[in-house]
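# Breakdown of the fold
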Amino acid sequence: MTKDVSHGTQDSYLVALIGSGIGPSLSPALHEREADRQGLRYVYRLLDIDVLGVPPEAVGDLVRAARDLGFDGLNITHPCKQLVIPHLDGLAPQAEALGAVNTVVFDDGRAVGHNTDVTGFAASFARGLPDAPLERVVQLGAGGAGAAVAHATLTLGAGRVTVVDAFPERAAALADSLNRHFGAGRADSTTPDRLARLLARADGVVHATPTGMAAHPGLPFPAEFLHAGLWVAEVVYRPLETELLRAARAQGCAVLDGGGMAVFQAADAFRLFTGQEPDSTRMLADIAELAGAVPVPD
């Protein structure tokens with residue numbers, strides 16, 4: 001069966017996150033806390049493909065099962081953001097431009113894909129680094145999150161984004177896509193061996209790889225590549241203070257942690273699922289508490 005209920009007129013919601021290794025995700029807590037404050041019954045499940053023992057290509061089966069079981073929507077994360085697209089009935093313009101989906105809304109039996117990573121990163125950057133120069137930006141990482149933040153950075157007015165990835169063909173494909181969308185010359189790509197030279201001349205660097213996550217500790221590049229004239233924006237939010245951000249602070253760099261992106265993309269997804277307006281200020285306090293392991297009073 002499928003739900004046929006207009007979003008914003010119901011008071012009970014069932015959503016889930018599909019991805020790999022998502023046990024530590026803070027999405028359930030972010031969504032459920034905000035829903036509780038709004039007086040909504042809101043259940044957020046994790047559908048971890050590793051726990052379920054299915055490959056990423058099974059995302060279509062999971063989407064169909066969730067729709068048939070009456071879920072209101074899904075969040076989608078690595079490695080399924082692109083694989084899910086053929087299994088959807090439609091795409092919002094942002095998701096279509098990106099070729100990546102992180103939010104699926106079930107409406108009148110249709111599964112429609114959205115991407116709130118773009119708006120999430122843009123809102124976080126505008127809040128956390130409002131005066132950062134954007135003429136020359138280097139981005140490390142060209143996966144699903146990388147595509148979203150590159151689009152966001154150019155939407156914010158970056159002059160040029162240079163994409164660096166361990167897989168040169170993936171970096172080149174993203175740069176080509178960005179140039180088609182934003183105009184020739186707005187993006188290019190190169191290989192990691194040129195990173196030191198690029199960062200020496202750059203205004204800022206966006207880090208969009210898993211390095212620095214709890215399961216992937218370490219630095220994405222040597223700390224000596226950093227300098228005080230560089231701003232550093234991180235996509236990883238668990239931990240909020242990654243090794244890269246610690247090294248950047250030590251060099252005097254302006255920094256942006258990944259918590260803001262996590263909150264603003266979650267707020268946008270919450271709005272899509274419920275039709276209700278979330279309070280992002282309260283959600284920012286939530287993630288500072290949750291990701292920072294601040295004790296919660298009894």
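Structure first, text after, so check above.
No experiment lies behind these values; they were computed from the predicted model shown.

## A look at the pairing of strand β6 (residues 110–114)
In terms of burial, β6 is a largely internal element, 4 of the 5 residues being buried. As judged from the 2 bridges shared by strand β4 (residues 90–91) and β6, these two strands associate in the parallel manner. Its bridge partner being in β6, Leu-91 is matched across the sheet by Gly-113. Where strand β5 (residues 103–107) meets β6, 5 bridges bridge the pair, whose relative direction is antiparallel. Looking across to β6, one finds that Val-104 is bridged to Gly-113. The hairpin turn running from β5 into β6, its antiparallel successor, is 2 residues long, and Asp-108 in that turn takes a positive phi close to 55°.

## Digging into helix α3 (residues 59–68)
Because an α-helix completes one turn every 3.6 residues, residues spaced three or four positions apart along the sequence face the same direction. When α3 is considered as a whole, its buried residues turn out to be Val-59, Gly-60, Leu-62, Val-63, Ala-66 and Arg-67. One side of α3 carries all its buried residues, which in axial view fall inside an arc of 160°. Buried residues along α3 sit against β1 (12–19), α2 (49–52), β3 (73–76), β5 and β6. Just beyond α3, the residue with positive phi is Gly-70, at close to 90°.

## Thoughts on helix α11 (residues 280–291)
With 12 residues, α11 should reach 16 Å at 1.5 Å per residue; the first-to-last C-alpha distance of 16 Å fits that figure. Inspection of α11 places Met-283, Leu-284, Asp-286, Ile-287 and Ala-291 among the buried residues, and these make up the whole buried set. With its buried residues spanning 155° around the axis, α11 presents them on a single face. The inward-facing, buried residues of α11 abut α1 (27–37), α5 (117–128) and α10 (259–274). With a side-chain oxygen lying 3.0 Å from the backbone nitrogen of Thr-281, the N-terminal cap of α11 falls on Asp-279.

## What about unusual backbone geometry?
That bond from His-78 to Pro-79 is cis: its omega, 5°, falls within 30 degrees of zero. Inspection of the secondary structure assignment puts Pro-79 in the loop between β3 and β4. Looking along the chain, the bond that leaves Arg-238 and enters Pro-239 is cis, with omega of 10°. Note that Pro-239 resides in the loop between β11 (231–234) and α9 (243–250). A positive phi angle is found at Asp-108, which is not glycine, with a value near 55°. Looking at where Asp-108 falls in the secondary structure, it is placed in the loop between β5 and β6. With a relative accessible area of 54%, Asp-108 lands in the exposed category.

Rules and cut-offs
- Throughout, a residue's number is its position along its own chain's written sequence, starting from 1.
- For this predicted model, a pLDDT threshold of at least 70 governs which residues receive local features, and a threshold of 80 or more governs which side-chain atom pairs are given and counted, while totals over whole chains, interfaces and linings are taken from all residues.
- Side-chain measures here rest on the full set of heavy atoms in the structure, leaving out hydrogens and waters.
- Think of it in three bands: residues with accessible area under 20% of the maximum for their type are buried, residues over 50% are exposed, and the middle band is partly exposed, with areas taken using a 1.4 Å probe on protein chains only.
- Going along the chain from the N terminus, every DSSP run of H or I of four or more residues is numbered as a helix, and every run of E of two or more is numbered as a strand.
- Note on pairing: DSSP must find at least two bridges between two strands before they are called paired.
- Within this analysis, the arc is defined by the directions that extend from the helix axis to the C-beta atoms.
- We call two residues contacting when some pair of their heavy atoms lies within 4.5 Å.
- Residue count minus one, scaled by 1.5 Å, sets the expected span of a helix.
- Any pair of nitrogen or oxygen atoms within 3.5 Å is treated as a polar contact; in protein, a donor-acceptor pairing is required on top of that, and neighbouring residues in sequence qualify only through side-chain atoms on both sides.

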